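If you want the building blocks of each chain, they are given just below.
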Amino acid sequence: EAGASWPVILVMGVMTGSLGGLMRDVVANEVPLLLKQGEPYATCALGGAGALLAAHASGIEPGKAALIGAIFTFVLRGTALAFGWHIPIYKGRPPRT
């Protein structure tokens, strides 16, 4: 509604979701999930922000678009936890032989 471009909306969605979870884990005195290698935490936040943008671009009113984004994020993160999904970790180029 503020007229921001879609890249700004995606970055703000990822930052809001990721840093909110980071603060929650710090207050709970736990290792933040955001900092664990391979955890698709920020990726799920990006997916939710993308779902919100897609819903808003298709003409859905802002409140319902935000709900769609939140539900998409929740389902994506829950599915990742249930099936043990992890982001592949790049370990550099293999040595030449």
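Scroll up for the structure.
A. A look at the packing of aromatic side chains. Enumeration according to the criterion identifies one aromatic pair in this entry. With a centroid separation of 6.2 Å and an interplanar angle of 20°, the aromatic rings of phenylalanine 83 and tryptophan 85 are classed as stacked. Note on tryptophan 85: relative accessible area 44%, which makes it partly exposed.

B. Spotlight on unusual backbone geometry. Non-glycine residue asparagine 29 carries a positive phi angle of around 60°. Assignment of secondary structure puts asparagine 29 in the loop between helix 1 (6-27) and helix 2 (41-57). For asparagine 29, a relative accessible area of 71% gives the class exposed.

Definitions and limits used
Residues numbered from 1 in each chain as written. Predicted model: local features only at pLDDT ≥ 70, side-chain atom pairs only at ≥ 80, totals over all residues. Heavy atoms only, no water. Phe/Tyr/Trp six-rings, centres within 6.5 Å; stacked < 30°, edge-to-face > 60°. Buried < 20%, exposed > 50% of the residue type's maximum accessible area, 1.4 Å probe, protein only. Helix = DSSP H or I, 4+ residues; strand = E, 2+ residues; numbered from the N terminus.

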